[in-house]
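# Close look at the chain arrangement
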Amino acid sequence: MARRILTGYRPTGKLHLGNLHGNLKGMIELQEEAECYFFIADWHALTTDYGDPSRLREYTEGMVLDWLAAGIDPAKAAIYRQSDLPEVAEFQLYLSMITPLGWLERVPSFKEQLEQLEGKDISTHGFLGYPVLQAADILIVRADGVPVGEDQLPHLELTREIVRRFNYIYGETFGEPQSLLSRSPRIPGVDGRKMSKSYGNFISLTDPPDEIKKKVLSMITDPARRTRKDPGDPEKCSAYQLHKVYTQDRLDEVAENCTTAGWGCVECKGILAERVVDSLLPFQERRRELESRPGYAWEVMEQGLARAKPLAQEVLGDVRARMGIE
Ligand code: TRP
Ligand code: SF4
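Thresholds, definitions, all that
Residues numbered from 1 in each chain as written. Chains lettered and ligands numbered in written order. Predicted model: local features only at pLDDT ≥ 70, side-chain atom pairs only at ≥ 80, totals over all residues. Heavy atoms only, no water. Helix = DSSP H or I, 4+ residues; strand = E, 2+ residues; numbered from the N terminus. Buried < 20%, exposed > 50% of the residue type's maximum accessible area, 1.4 Å probe, protein only. Contact = heavy atoms within 4.5 Å. Near = heavy atom within 4 Å. Nonpolar A, V, L, I, M, F, W, Y, C, P; charged D, E, K, R; others polar. Domains from an automatic or database assignment. Buried area = accessible area lost by both parts, 1.4 Å probe. Salt bridge = Lys/Arg side-chain N within 4 Å of Asp/Glu carboxyl O.

Attention now moves to the overall build of the protein chain. In terms of regular secondary structure, the protein chain is built from 14 helices and 5 strands. Buried positions account for 49% of the 326 residues belonging to the protein chain. In the protein chain, once contacts between residues fewer than 6 apart in sequence are set aside, the share between residues at least 24 apart is 78%.

So, in structure tokens, the structure goes:
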């Protein structure tokens, strides 16, 4: 059982259902049983979006409010902004000295993103070093568990490689952090692909009810149901994947009405939309309440920083001593 947990989110916009089920729910559970550090990775956002930082502050604040409204408790978890902890940047510099270039060039997301983010020039030092910065985030508090999505596993592996190399060169200093993968089913976006910010197929936690309804009704269904009378196979339908999360108590009924063409897809998705809207109402109400308290997110980050700082200073002191910078 992990004792000290850390995870970070890049502030690139609003949180969506994929984030909630993929990661956030796990974080909310972990804060009850472990020491938690949850931070906003604004430096990481700059590695790809340095060209337009105009909304970075707004996104940072919004993401903290999303966390709090969803149930992250600032009395339990330390919430802070990465750039408020400059110890991380200095630590990253030390780690960069011992990280071979080849390791970074081999990280799958490096090559993929270079190709995918065509409009942006990310053939930069900062972007190549993304996983080194991430290792510094994790090791600066000596986290032993890191809740992440599958896409982050190579970064965690690299962190462990850096730990082994550091310990080998300078003596046993860090333990190897483990990744904690969510157990929840994959959440499909409206187009049937994985729900993701970059695909633009997401339902935000803050979407107004009519927007959520519109999005759910536009979800891809089993193509075999060309007309109202054609029976379908729920397993081939992305709306059904969401039903598994939101309509668990009536799942047999949903499947039955799909395979017998008892319901049309519009009816079926209407039921789903209502469930999604209802489940988000308490979140949205809390979110509005938090928004009405100006500066609250920043106060929370200040408190969280005060908890992370002494630990970061201690770890950095240790690293400096081992690397001859005293
Ligand atoms: N790379 C993560 C992402 O894109 C964000 C992140 C930065 C992170 N530092 C981290 C996640 C440290 C876990 C631990 O989602
Ligand atoms: Fe999907 Fe429901 Fe249509 Fe079946 S009836 S294809 S489960 S939306």
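So, next bit.
What follows covers the site of ligand 2. Around ligand 2, the neighbouring residues are Thr221, Asp222, Arg225, Cys237, Tyr240, Cys258, Cys265, Cys268 and Lys269. For the shell around ligand 2, the residue count by class is 5 nonpolar, 1 polar and 3 charged.

Now for the domain arrangement of the protein chain. Considered domain by domain, the protein chain is made up of domain 1 (4-187 + 294-322) and domain 2 (209-288). Each of domain 1 and domain 2 has a C-alpha centre, and the two are 34 Å apart. Listed as interface residues are 9 residues of domain 1 and, on the opposing side, 8 residues of domain 2. Summing both sides of the interface, domain 1 and domain 2 together bury roughly 840 Å²; the carbon and sulfur share of this comes to 67%. Our count for the domain 1 to domain 2 interface comes out at 1 salt bridge. Close ionic contact of arginine 287 with aspartate 66 constitutes a salt bridge, the shortest N to O distance being 2.6 Å.

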